[in-house]
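# Summary of the model geometry
Given next are the chains, with one letter for each unit.
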Amino acid sequence: LFDDHLPSDLPEATLSDNARIVLAKRYLKKDEDGQPIEEPETMFWRVARTIAGADARYGASEAAVDELARQFYALMTTGVFEPNSPTLMNAGRPLGQLSACFVLPVDDALSNGRSGIYDTLKAMALVHQSGGGTGFSFSRLRPEGDNVRSTMGVASGPVSFMKLYDASTEVVKQGGTRRGANMGILRVDHPDIRNFIACKNDTSQVTNFNISVALTDEFMKAVKAGGSYDLLSPRNGSVVGQEDARQIFDLIVHGAWKTGEPGTFFIDRANEYNPVPSLGSYEATNPCGEQPLLAYDVCNLGSVNVGRFVKLDAPSDLPPEDRIDWDELRRVVHLATHFLDNVIDANRYPLAEIHNLAHTIRRIGLGIMGWADLLVRLGIPYSSHEGVEMGRRVMRFINEESRNASERLAETRGVFPAWGPSIWGPDATCARRADGSRVRPMRALRNCNLTTVAPTGTISIFAGCSGGIEPLFAVAFMRNQAGSLMPDVNPDFVRIAQEQGWYSEELMERIATEGHIHFDEVPEDIQRVFVTAHDIAPEWHVRMQAAFQEHVDSAISKTTNFPNEATEDDVRAIYELAFDLDCKGVTVYRDGSRPMQVLSTGKTS
Ligand code: UDP
């Protein structure tokens, strides 16, 4: 384990007061009285040193490990790259569990010693304790009312067991730091689908789960054609009933409109790009949806803060792409890929099955954050073709460079063990589509899966940037600072207002209090560029997600915001658009549709 020695020549971390508060509350090592016994700098060095240390397995010298640790330290302390929270919390500490995302199988038995309902319940508790989030498909469970032969009783069905998992989650706090988060998934052809869709209509129920319906291509076809589709017995796949596809789709849309749930998971789409189909198929995702995973699969995440690669001093008449420092972005993506590959070796997984699969496929999830910041720094509105095109361009670059970095790692460390029969393998052995075509061109990679887009809920606070690929949530809000309300204004907005000469404290306060920027003093083009999540038409949210999805191996965590007055038809149109644009899932949120909103603009914050 890591010893606390912090080299005296390391620079301090650049962190906001807010970031330091969050770190002290939940991330820093504490003594028995709950007092932090490490500084943020010690934490980042602990992480940097532990993760760089994995290089020693591949023959790196002590000096080379130290040099690499310094590079990792610089990335994290300057907010250019952050790994997911469990890596920050646990690297170099006894728990040692470094990943945010897991999927566990749930078999149709109370216990079979491995993955029965109560076996997996226990595994869930272990994952939550270590700071990870879990996803489950309940699709293998027999429906409510079905026979239970051994007891002559009747089964209580997937929803009842999901409630059991929910209750257990409630009592196990994640490593004393955060509560467990779960994803519950049911296939649309499961006989209990109606019950599942409605199970969160009451927003006080199943609160530790996000739920999504796994929609098949066949189902979506039936929706378009106005036909019906088969319900299948989870026991043996036999047809046990039929549903009208549009009726079921309407129920999903109604739920999403009413409460934001269920989301949808386009399961066939996700499986088309499953890199290792010989090891199983995707049946569920992690809690926030960005990682479709196999049974006992795991992913460690990390995100590059792309807003930091805009050259602010470049002449503003240069085309936007020339104001991005692509060389520096390449360097950071290579380092970040190296970091995440090392996390697999440094990780202590909670179950042997998870350890084995992680080392067989070496899945990592390199994502981005600060996307909205990048756009405002380039002067491009989020809700524009130019913005969407820039998203496609930046993600293509990151995806490609991450693959290059993974190939470079494979030269010295070897390809991932399941490479041969994967979609990346050589022609003789690779997985192919049914028509015989390759899913991906051959690449000798160290990792079966490289890219994703996570929500970056906490790490974006450390990096001081906008979350994931979401638009700005607000330009300004009133923050309670030691008892008095102060306007907290987007620093880019302040900088531009000052540069252009329309800054005033009174205006900033008005903007923070009213929760919008539509005032005469704010130039039109600036109003367009600083567009916030609520002002953006839902269609642009989905178009941005789809552009990123084109160049992301796994999936994307993204919320499409609707105004309160949006109709069910509006929501339906967005669900269909997301499918048509090849997204792997979609999540919506209509303003005010849940009793409590975590963040809010205007006077209430
Ligand atoms: N996650 C979790 N509990 C939480 C927040 C996140 O289990 O309270 C998991 C979940 O799988 C999610 C992933 O961590 O999809 C990434 O979330 P995010 O990017 O917000 O995490 P961060 O690293 O910023 O804490």
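Counting restarts for each chain: residues are numbered from 1 in the order of the written sequence. Local features are withheld for residues below a pLDDT of 70 in this predicted model, meaning they are given only at 70 or higher, and side-chain atom pairs are given and counted only at 80 or more; totals for whole chains, interfaces and linings count all residues. Excluding hydrogens and water, the side-chain figures rest on all heavy atoms present in the structure.

## Let's talk about the overall build of the chain
What counts, and what does not: Put simply, DSSP H or I for four residues or longer makes a helix, DSSP E for two residues or longer makes a strand, and each gets a number counted from the N terminus. Radius of gyration here is computed from C-alpha atoms only, and the compact-globule reference equals 2.2 Å multiplied by the residue count raised to the power 0.38. Relative accessibility under 20% of the residue-type maximum defines a buried residue, over 50% an exposed one, and the middle range a partly exposed one, all with a 1.4 Å probe and only protein chains included. In what follows, residue pairs with any heavy atoms lying within 4.5 Å of each other are defined as contacts. Here, Shrake-Rupley sampling with a 1.4 Å probe gives the accessible areas, and only protein chains in the shown set may cover a residue. Counted charges follow a simple rule, with Lys and Arg positive, Asp and Glu negative, and His plus the chain ends left uncounted. To locate a charge, take atom NZ for lysine, CZ for arginine, CG for aspartate or CD for glutamate.
Helices and strands together make up the secondary structure of the chain, namely 20 helices and 20 strands. Rg of the C-alpha trace for the chain: 24 Å, near the compact-globule value of 25 Å for 605 residues, within the 12% margin. Considered along the principal axes of its C-alpha atoms, the chain spans approximately 75 × 60 × 55 Å. Here the chain holds 605 residues, and 56% of them are scored as buried. Within the chain, counting contacts between residues at least 6 apart in sequence, those at least 24 apart form 72% of the total. Carbon and sulfur atoms make up 50% of the accessible area of the chain, which totals about 24300 Å². Of the side chains in the chain, 60 bear a positive and 81 a negative charge, and the two mean positions are spaced by 5 Å.

## Considerations on the site of the ligand
To keep it simple, the criterion reads: Nearness is judged by heavy atoms alone; a residue qualifies as near a molecule or strand once a single heavy atom is within 4 Å of it. Two N or O atoms form a polar contact when they lie within 3.5 Å of each other; inside protein one atom must be a possible hydrogen donor and the other a possible acceptor, and for residues adjacent in sequence the pair counts only when both atoms belong to side chains. Note on residue categories: nonpolar means Ala, Val, Leu, Ile, Met, Phe, Trp, Tyr, Cys or Pro, charged means Asp, Glu, Lys or Arg, and polar means any other residue, Gly included.
Near the ligand you find 20 residues, and of these S85, N286, E290, T456 and G457 are the closest. For the ligand, an oxygen atom lies 3.2 Å from a polar atom in the backbone of G133. When the free accessible area of the ligand is taken as 520 Å², the share hidden by the protein chains comes to 89%. Taken together, the residues of the shell around the ligand break down into 9 nonpolar, 9 polar and 2 charged.

## A closer look at the packing of helix 2 (residues 40–53) against helix 11 (residues 326–346)
The following threshold applies: Only the stretch in contact is used when fitting a helix axis, every axis being a line fitted to C-alpha atoms; angles between N-to-C directions are given from 0 to 180 degrees. An angle below 35 degrees is treated as roughly parallel, one above 145 as roughly antiparallel, one from 65 to 115 as roughly perpendicular, and anything else as oblique.
One way to put it is that helix 2 packs onto helix 11 with a least axis distance of 8 Å and a crossing angle of 80 degrees. Accordingly, the angle class assigned to the pair helix 2 and helix 11 is roughly perpendicular. Of helix 11, the residues touching helix 2 (which contributes V47, T50, I51 and A52) are F339, N342, V343 and A346. For the contact of helix 2 with helix 11, the per-class residue count stands at 6 nonpolar, 2 polar and no charged.

## What to know about the packing of helix 19 (residues 538–549) against helix 20 (residues 568–580)
For any two helices packed against each other, the geometry is given by the interaxial angle and the distance between the axes. Going by this rule: By definition, turning the near helix anticlockwise from the far helix through less than a right angle yields a left-handed crossing, and turning it clockwise yields a right-handed one.
For the pair helix 19 and helix 20, interaxial distance at closest approach is 10 Å and the crossing angle is 20 degrees. Taken together, the axes of helix 19 and helix 20 are roughly parallel relative to one another. With respect to the hand of their crossing, helix 19 and helix 20 are arranged in right-handed fashion. Residue-level contacts link P538, E539, V542 and R543 of helix 19 to I574, L577 and A578 of helix 20. A class-by-class count of the residues in the contact of helix 19 with helix 20 yields 5 nonpolar, no polar and 2 charged.

## Thoughts on the packing of aromatic side chains
Going by this rule: Classification of ring pairs rests on two measures: the distance between centres of Phe, Tyr or Trp rings, Trp counted by its six-membered ring, which must be within 6.5 Å, and the angle between planes, read as stacked under 30 degrees, edge-to-face over 60 and tilted in between. A ring is considered to have a charge above it if a Lys NZ or an Arg CZ atom is located within 6 Å of its centre and within 35 degrees of its normal.
Within this structure, the stated rule accounts for 17 aromatic pairs. Taking the centre distance of 5.8 Å and the plane angle of 35 degrees together, the rings of F136 and F138 count as tilted. Members of the aromatic cluster, each reached through a chain of ring pairs, are F136, F138, Y165 and F209. The ring of F579 carries the charged tip of R269 above its face, separated from the ring centre by 4.6 Å. For R590, the ring lying beneath its charged end belongs to W257, and the centroid distance is 4.1 Å.

## Things to note about the domain arrangement of the chain
Selection criterion: An automatic or database domain assignment supplies the residue ranges for each domain.
You can read the domains of the chain as domain 1 (101–277) and domain 2 (474–529). The straight-line distance from the C-alpha centre of domain 1 to that of domain 2 is 44 Å.

## Considering the pattern of salt bridges
In plain terms, the rule: Salt-bridge detection follows one rule: a side-chain nitrogen of Lys or Arg within 4 Å of a carboxyl oxygen of Asp or Glu.
Scanning all chains against the criterion turns up 41 salt bridges. Residues D582 and R269 are paired through a salt bridge, measuring 3.2 Å at the closest nitrogen-oxygen approach. In this pair, D582 is assigned in the loop between helix 20 and strand 20 (585–590) and R269 in helix 10 (residues 267–272), connecting sequence segments 313 residues apart. Relative accessible area serves as the criterion here: at 44%, D582 is assigned to the partly exposed category. Salt bridges sharing partners connect three or more residues here, namely D55, D341, D345, R362, R413 and R446.

## A closer look at the pairing of strand 12 (residues 263–266)
For clarity, the threshold we go by: Any two strands with at least two DSSP bridges between them are considered paired.
Because side chains alternate across strand 12, one face comprises the buried residues G263 and F265, and the other comprises T264 and F266, equally buried. Inspection of the sheet shows strand 9 (residues 209–215) paired to strand 12 by 4 bridges, in the parallel sense. In the sheet register, L215 faces strand 12, and the bridge partner there is F266. Sheet topology note: the strand 12/strand 20 ladder contains 2 bridges and is antiparallel. What sits directly across from F265, in strand 20, is G585.

## Remarks on the environment of P350
Topologically, P350 is positioned in the loop between helix 11 and helix 12 (352–361). Expressed as a C-alpha distance, the spacing of P350 and V127, which sit 223 residues apart in the sequence, is 6.3 Å. Other than its neighbours up to four places away in sequence, P350 contacts Q97, F102, L126 and V127.

## Some words on the environment of N564
Locating N564 in the fold gives a position in the loop between strand 19 (559–562) and helix 20. If we ignore the near neighbours within four places in the chain, the residues touching N564 are R590, D591 and G592.

## Notes on the nonpolar core
Side chains of nonpolar character tend, in soluble globular proteins, to be buried together. Basically, it comes down to this: Think of a nonpolar core as a cluster: buried Ala, Val, Leu, Ile, Met, Phe, Trp, Tyr and Cys residues, connected wherever their side-chain atoms sit within 4.5 Å.
If you look at the biggest cluster of nonpolar residues, it comprises 160 residues, and the most contacted ones within it are I193, F219 and W371. Tallying contributions element by element places helix 11 first for this core, with 10 residues. For F219, the residues in contact, after removing those within four places along its chain, are V188, Y229, A245, I248 and F249. Counting residues in each nonpolar core, the second largest holds 22 residues, with M478, I496, A497 and I517 among its members.

## With respect to unusual backbone geometry
Backbone torsion omega between E261 and P262 reads 5 degrees, so that peptide bond is classified as cis. Locating P262 in the fold gives a position in the loop between helix 9 (245–259) and strand 12. Phi is positive for Y296, close to 65 degrees, though the residue is something other than glycine. Along the polypeptide, Y296 turns up in the loop between strand 14 (292–293) and strand 15 (297–305).

## Some remarks on helix 6 (residues 158–171)
This is how it is decided: A helix's residues, less one, multiplied by 1.5 Å, set its expected span.
Spanning 14 residues, helix 6 covers 21 Å between terminal C-alpha atoms, matching the ideal 20 Å at 1.5 Å per step. Within helix 6, burial applies to P158, V159, F161, M162, Y165, D166, S168 and T169. Each element contacted by the buried residues of helix 6 is listed here: helix 5 (117–129), strand 3 (133–137), strand 8 (182–187), helix 7 (193–198) and strand 9.

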